[in-house]
Amino acid sequence: MECSRFFAFLCFSVNFLILGTYQLQSSQTQVLLQLRKQLEYPKQLDLWLNTRTDFCYLSTTQVNITCEDNLVTGILIFGDKQKRIGNFNAFRVSNQTLSQNFSMDSLVTTLSRLNGLKSLSLVSLGIWGPISDKIHRLQSLEYLDLSWNFLYGSIPPKLSRIGNLRILKFDGNLLNGTFPDWFNSFSNFTIFSMRNNLLSGSLPSSIQRITSLTALVLSNNAISGKLPDLSSLSSLQWLDLSENMFESELPNMPKGLKAVLLNNNSFSGIIPQQYDQLHLLQQIDLSFNTLEGTPPAGLFSLPGIVSLNLSSNMLSGSLPMHMSCGSKLDSVDISNNKLRGLLPSCLSSAIKTRGVKYGGNCLSIDLNHQHPETYCVEQQEKKKSEEKNLGTLIGVIGGIIVIMGLLAYGFLVLCRQYCPRGAPEQHLLHKSVQDNSVTGFTSELLMNASMLFENFLDYGSLFYLISLFKLHFSFLLGSISDAAKLDSQRTQAHRLFSLDELKAATNNFDKSTLMGEGSTGKMYKGRLGNGTPVSIRCLTVSKRYAVRNLKLRLDLLAKLRHPHLVCLLGHCIGNEGKDDSDVNNVYLIYEYVPNGNYQARLLETNPENVLEWSDRLAILIGVAEAVHFLHTEIIPGFFNNRLKANNILLNEHQMGKLSDYGLSIVVQEIDEHKVEGDLESCVHRQIKSMEDDVYSFGLILLQSLIGPSFSSRNETFLLNEMVSLGTLDGQRRIVDPTVLASCSQESLSIIISIANKCISPESSTRPSFEDVLWNLQHAAEVQATADGEQRF
């Protein structure tokens, strides 16, 4: 900070000496005095109190005015509001930001009256708010520095209209959004610095066309994706993209670079051999990534290299014993990798002027700080074996999926031509057989398939059969990427229960075990013979279902496994349809979730039990992930999932789990699942059901915002109140005080916006559930960033 201040002051001083000073026009003086007022009289500008003084003659390390031909051409003001606050929520903060009366628009309007202004630095002055769209009125600007203030929002595209802009610095603000893709419109752009902000998304390929760029500094943001090839930026000397979320291989770099800082990302692959040719390079930091292979020996011998940091990667192999090091190299860190062998002589401890860190490898020196050599060998062999097995498994699964897809298509064609819709269902399913198949297909599933093919069931049943196959494939694929999660879900396998077991678990369904009763039947709490607590849902299903088809649907429901779905442990069909009644009693046995439901927690008034904003977001994200899974991971999908706050259960870790999902395929009439005429009506019903889930989830979002008072307001009133939530006064009046006290304004605004879209009267304008989930995750990231800053 002090260095940048001195550099800026030096530049202004040189301009001051070269251009000379002149008596300012009175209009220019009035603008400067107005600027002092809008900045709320910072003590650094007390030297302007004597209005008879020519401002061009006044100069300190914190304030400098440059003039030319009786006009102000440069303004430099360094404030003292450098301390960062933890939870800035777009409201004024005492002793940190300017007051609530401050307006960024007014500030820019005032500055635009300085027609000759070429350089503007307003640093650490407590300026807050989004960057004004009027910024383009500063047409003469070549240098703009608004660092270490409280600017938020995205960079306005109108900034690109300042055609002469060469240097832009917005360090240490709260700017978010993606990196602008219009920066190549500046013909002479040289320095762009936005470190310590909230940028996300990926770097656009248009950055490759800013050939005049000499410094690009974007450290400590949340930029992700692939880093483009930057070798076309022939003027680039300083590149700092550290502490972001890049996850590609390292690209080629321009040969004029002097510093490359890419540490604390997720770069993978090998270090390109092209880096040997960066002869002007003085500093390179690639630490804390997942780079592999042997580091190029030429990196150590670059003529200008001073500092080289390759620590905390997965580099392997041995460095050449006779490798040479550059004469200026004084700091090397290769610690915490998988390197073996001996250190080259130029990195030995005998060279006192060169600091070398090499602990945490498998080197043959300083064994107290090295892993055994088998550690590095085993890691490499294990990785090769995993890659080989993964390739084989993906190939097998891919082949099976293609074959099953062709079969499914063929059966659909056959059913279209020959299937009498609504054909009677005649046979019961046989007792399920223990699954010993390597592929994961149970004998019952294959038997069901055979029966369906022999009897040409309706399209709906065929859809459910395909769903079973897809679920098995998703389990196999999931085990590759997230084995631990699926293992935890499979620990409680689905099984058939007898009615006697359930009677014993509930003391013959005693009233004391009744937990509640709703439109889908009664819910009991029970305890199995092994002591496991369970919840038992009792459904009444019309015998228009054949038991065989009912079991097929229950088998599909049983395959659903997700961390945020209440786990279905098994089922029981009372009397297997053998009695004379018109209905079947179906019992669904679920895991017991002990910590109440989400609605009860939202109604909580005890401060110790109230859910803060970040807790609510975590629960909502989990449930949204589960609903997205139900919509997309199976064909034709599970919709109408009875999304209500009291159907979201909380476990002992306060993790949300959705209950009563998928019951529509069991309790609705079978005719509702047939395809009438063609697939269009089926697709229409699915889309309508999906929209209903979005609407219901929007009401849950609204309830999360409003809290206890939600239950006392009817739905129409709440929908009308959404307009008020767009204003700060409306938020203070309607939003739960616990939410207001624990949320950032930006995070709150994101949820209000997506909730408003979810409950739109026009179903066509509602977002997809994928959009809902993305907005929830984005709001949580914004909130986590705000909470993290507050801790500091």
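Basis of the calculations
- Residues numbered from 1 in each chain as written.
- Predicted model: local features only at pLDDT ≥ 70, side-chain atom pairs only at ≥ 80, totals over all residues.
- Heavy atoms only, no water.
- Pairing = 2+ DSSP bridges.
- Helix = DSSP H or I, 4+ residues; strand = E, 2+ residues; numbered from the N terminus.
- Salt bridge = Lys/Arg side-chain N within 4 Å of Asp/Glu carboxyl O.
- Buried < 20%, exposed > 50% of the residue type's maximum accessible area, 1.4 Å probe, protein only.
- Contact = heavy atoms within 4.5 Å.
- Phe/Tyr/Trp six-rings, centres within 6.5 Å; stacked < 30°, edge-to-face > 60°.

> Quick question: what am I supposed to make of the pairing of strand E6 (residues 150–153) here?
Working note: regular strand, side chains alternate between the two faces of the sheet. Sheet topology note: the strand E4 (residues 128–130)/E6 ladder contains 3 bridges and is parallel. Counted as the bridge partner of Gly129 is Leu151 from E6. Where E6 and strand E8 (residues 174–178) come together, 2 bridges link them in parallel fashion. Its bridge partner being in E8, Gly153 is matched across the sheet by Leu175.

> Explain the pattern of salt bridges here, please?
Side chains that differ in sign of charge can pair as their charged atoms come close. In the structure shown here, the tally under the stated rule is 9 salt bridges. Residues Asp171 and Arg195 are paired through a salt bridge, measuring 3.3 Å at the closest nitrogen-oxygen approach. You can see Asp171 sitting in the loop between strand E7 (167–169) and E8 and its partner Arg195 sitting in the loop between strand E9 (191–193) and strand E10 (198–200), a full 24 residues away along the chain. When its relative accessible area of 6% is taken as the criterion, Asp171 is described as buried. Note that Arg340 is salt-bridged to Glu373, the shortest N-O span being 3.6 Å. You can see Arg340 sitting in strand E22 (residues 338–341) and its partner Glu373 sitting in helix H4 (residues 373–418), a full 33 residues away along the chain. Take Arg340: its relative accessible area is 22%, and that puts it in the partly exposed class.

> Is there a simple way to think about the environment of Phe638 in this case?
Along the polypeptide, Phe638 turns up in the loop between helix H11 (613–632) and strand E31 (648–650). Counting along the chain gives 11 residues from Phe638 to Val627, while the straight-line C-alpha distance between them is 8.5 Å. Once residues within four sequence positions are removed from consideration, Phe638 is found in contact with Leu556, Leu557, Leu560, Leu630, His631, Gly662, Ile665 and Asp693.

> Hey, could you run me through the packing of aromatic side chains in this one?
The description of an aromatic ring pair rests on the distance of the ring centres and on the angle between the ring planes. Considering all chains together, one arrives at 8 aromatic pairs under this definition. With 5.1 Å between their ring centres and 25 degrees between their planes, Phe186 and Phe189 make a pair best called stacked. Here Phe186 matches Phe189 in class, with each residue buried. Taking 5.5 Å as the distance between ring centres and 25 degrees as the angle between the ring planes, the aromatic pair formed by Phe509 and Tyr587 counts as stacked. Of this pair, Phe509 sits in the loop between helix H8 (499–505) and strand E26 (514–518) while Tyr587 is found in strand E30 (residues 583–591), placing the two residues 78 residues apart along the sequence. Like Tyr587, Phe509 is buried. Chaining the aromatic ring pairs together yields one cluster made of Phe179, Phe186, Phe189 and Phe192.

> Explain unusual backbone geometry to me, please; I cannot follow it from the model alone.
Excluding glycine, residues mostly have negative phi values, and the peptide bonds linking residues are mostly trans. Within the chain, Asp69 stands out as a residue other than glycine whose phi angle is a positive 55 degrees. One non-glycine residue, Phe288, lies in positive phi territory at about 55 degrees. With respect to the secondary-structure elements, Phe288 resides in the loop between strand E17 (283–285) and strand E18 (290–292).

> I keep staring at the pairing of strand E29 (residues 568–573) and nothing clicks. Help me out?
Counting buried positions over the 6 residues of E29 gives 6, a clear majority of the element. The sheet contact formed by strand E25 (residues 495–496) and E29 spans 2 bridges and is parallel. The residue of E29 that forms the bridge with Arg495 is Gly570.

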